[in-house]
Amino acid sequence: MSKILVTGGTGYIGSHTVVELLRAGYTPVIVDNLVNSNAGVLDQLKKITGIKPEFHNFDLCDDEKVNQFVAEHPDITGIIHFAAYKAVGESVQQPLKYYHNNFFSLINLLNAYAGKPVNFVFSSSCTVYGQPDQLPVTETAPVKKAESPYGNTKQIAEEILAETAAAFDNYHIVSLRYFNPVGAHESALIGELPLGVPQNLVPFITQSAIGKRGPITVFGDDYNTPDGSAIRDYIHVVDLAKAHVAAIRLLEKGNPKGNYDVFNIGTGKGNSVLEVIKAFEASTGVKLNYQIGPRRAGDVEQVWGDVSKSSQELGWKAELGIDEMMRSAWKWEQYLKDHPLA
Ligand code: UD1
């Protein structure tokens, strides 16, 4: 069946998507420069699927390498573009690093496919909504000024893609606006591998639970929410991975809405930080140490998605709940303790 280029395919969401593509009968081809991932993931993918995917290690900012790759792979019909920098705090410190990497890679890919029909799925984020005026937030909500260079790369990339799709018929593009991906594959052979101290909530929870970190700090309990802590739409990474397969299928059959479209990818339900902590404790039986701290700069109070467009037009819906997200994240953390990926 069709060959799909998965950039960033050894990363957290990329690796889970490679598994789902294989399960759906596609042939994924991974390009990754391993800057924030690990070549050991390829063996893990083989353990899960029986197949070690084709892998190319190069930087997508190198246009000659991208052009050469595209010339040597004329049978690729789809691209899922994950490869990007994604640390919000670092992007504030080093904005040019973010603009350089996230835009050059995207533009090189689009240029390399000039004139060739291609289905393109882009990793966007609910960060484009900022603090929405209405909840749940729909895809037609206004895009607010980005809080960070990272967020700005997602907003501008969406504009680049919309304009490219409007100008040239060969590009069939969908941006998926992810809410908060958490959890791990049920096999516990792949999952999130944060570099250094995790900035995101769930990896911090699992590392704290296993004793790698101290107590969790809840960033703020004075928000205007039922328990005072901030609310997000957490989505299981396996559900998220399946949304990419659904997006490729939609593009293959032809999106009646045109050459560019956006979809919210969440569960449609919000959970507070304190609810996530309680869900972790209830579903794993492990007690967490946590303390209340000040709000984190740049955080929004609450956001969750309206996912009716995804369910109606993409034919995709999240199936796994918060307990499964916590159980699988914990199983992965325990696996990593005994099997550090080299
Ligand atoms: C963050 C990014 C978002 C990005 C996403 C990728 C910001 C402002 N947003 O989302 O743009 O797409 O990661 O995964 O950084 N929390 C704690 N204690 C912790 C860590 C987090 O209380 O130690 C809270 C946060 O304040 C937030 C919630 O947990 O309310 C989720 O935080 P996090 O996992 O970092 O995700 P976001 O900030 O929602």
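Residues numbered from 1 in each chain as written. Predicted model: local features only at pLDDT ≥ 70, side-chain atom pairs only at ≥ 80, totals over all residues. Heavy atoms only, no water.

Tallying secondary structure elements over the chain gives 11 helices and 13 strands in all. In terms of overall size, the chain behaves like a compact globule, its C-alpha atoms giving a radius of gyration of 19 Å where 342 residues would be expected to give roughly 20 Å. Considering only C-alpha atoms, the chain reaches an extent of 55 × 45 × 40 Å along its principal axes. The 342 residues of the chain split such that 54% are buried. The average position of the 30 basic charges and that of the 38 acidic charges among the side chains of the chain differ by 4 Å. (Helix = DSSP H or I, 4+ residues; strand = E, 2+ residues; numbered from the N terminus. Rg over C-alpha atoms; globule rule 2.2 N^0.38 Å. Buried < 20%, exposed > 50% of the residue type's maximum accessible area, 1.4 Å probe, protein only. Lys, Arg positive; Asp, Glu negative; His and termini not counted. Charge placed at Lys NZ, Arg CZ, Asp CG, Glu CD.)

This part takes up the site of the ligand. Not every one of the 18 residues close to the ligand is listed here, only the nearest: Thr-217, Phe-219, Arg-232, Arg-296 and Asp-299. Between the ligand and the protein, one listed contact pairs an oxygen atom with a side-chain N or O atom of Asn-200 at 3.1 Å. Within the side chain of Asp-299, an N or O atom sits 2.5 Å from an oxygen atom of the ligand. Residue contributions to the shell around the ligand peak at 3 residues, all from strand S8 (residues 216–219). (Near = heavy atom within 4 Å. Polar contact = N/O pair within 3.5 Å; in protein donor to acceptor, adjacent residues only side chain to side chain.)

Mapped onto the secondary structure, Ser-229 falls in the loop between S8 and strand S9 (231–232). Within the local environment of Ser-229, its side chain forms a polar contact with the backbone nitrogen of Val-273, the two atoms lying 3.4 Å apart. For Ser-229, the side chain forms a polar contact with the main-chain nitrogen of Leu-274, separated by 3.2 Å.

Leu-45, Leu-176, Ile-265 and Leu-314 are the most contacted members of the largest nonpolar core, which totals 42 residues. Elements that contribute at least two residues to this core include exactly strand S1 (3–7), helix H1 (12–23), helix H2 (40–49), strand S6 (171–178), helix H8 (237–253), strand S11 (260–265) and helix H11 (322–338). Looking at this core element by element, the count peaks at 10 residues for H8. Setting aside residues up to four positions removed in sequence, Leu-314 forms contacts with Leu-176, Ala-243, Ala-246, Ala-247, Leu-250, Phe-263, Ile-265 and Lys-309. Phe-58, Phe-103, Phe-122 and Leu-161 belong to the second largest nonpolar core, which has 25 residues in total. (Core = buried A, V, L, I, M, F, W, Y, C linked by side-chain atoms within 4.5 Å. Contact = heavy atoms within 4.5 Å.)

For the rest of this paragraph, the subject is the sheet that holds S6. Read across the sheet, 7 strands follow the order S3-S2-S1-S4-S5-S6-S11 without closing on themselves; strand pairing throughout is parallel. This sheet does not close on itself; its edge strands, each paired only once, are strand S3 (54–56) and S11. In this sheet, neighbouring strand axes are inclined to one another by 20° on average, regardless of whether the strands run parallel or antiparallel. Pairing geometry for strand S4 (residues 76–81) and strand S5 (residues 118–125), over 4 bridges, is parallel. Of the residues in S5, the one forming a bridge with Gly-78 is Asn-119. Taken strand by strand, helix H5 (residues 95–112) contacts S1, S4, S5 and S6, and its axis lies near 170° from that of S4. (Pairing = 2+ DSSP bridges. Axes fitted to C-alpha atoms, helices over the stretch in contact; angles between N-to-C directions.)

Judged by how many residues are buried, S6 sits mostly within the fold: 7 of 8 residues are covered. Bridge count for S5 against S6 is 8 bridges, and the pairing is parallel. By the bridge assignment, Ser-123 is partnered in S6 with Leu-176. Bridge count between S6 and S11: 6 bridges; the pairing is parallel.

In this section: unusual backbone geometry. Cis peptide bonds are those with omega within 30 degrees of zero, and the linkage from Leu-135 to Pro-136 qualifies with -5°. Counting through the fold element by element, Pro-136 comes out in the loop between S5 and helix H6 (149–167). Unusually for a residue other than glycine, Leu-34 sits at a positive phi of about 60°. Here Leu-34 lies in the loop between strand S2 (27–31) and H2. Despite not being glycine, Ala-188 has its phi angle at roughly 60°, a positive value. With respect to the helices, strands and loops of the structure, Ala-188 is situated in the loop between strand S7 (180–182) and helix H7 (201–210).

Turning our eyes to something else, we now look at the packing of H1 against H2. Relative to each other, H1 and H2 sit at 30°, their axes nearing to 11 Å. In this structure, the crossing between H1 and H2 has a hand that is right-handed. Facing Ser-15, Val-18, Val-19 and Leu-22 of H1, the residues of H2 in contact are Val-41, Leu-45, Ile-48 and Thr-49. The residue makeup of the contact of H1 with H2, split by class, is 6 nonpolar, 2 polar and no charged. (Left-handed = near helix turned anticlockwise from the far one by under 90°. Nonpolar A, V, L, I, M, F, W, Y, C, P; charged D, E, K, R; others polar.)

Let us now look at the pattern of salt bridges. Following the criterion strictly, the structure yields 14 salt bridges and no others. Residues Lys-65 and Asp-62 are paired through a salt bridge, measuring 3.4 Å at the closest nitrogen-oxygen approach. A salt bridge links Lys-309 to Asp-261, with the nearest nitrogen and oxygen atoms 2.6 Å apart. Taken together, the positions of Lys-309 in helix H10 (residues 308–314) and Asp-261 in strand S11 put the pair 48 residues apart, joining distant regions of the chain. Judged by relative accessible area, Asp-261 falls into the buried class, the value being 7%. (Salt bridge = Lys/Arg side-chain N within 4 Å of Asp/Glu carboxyl O.)

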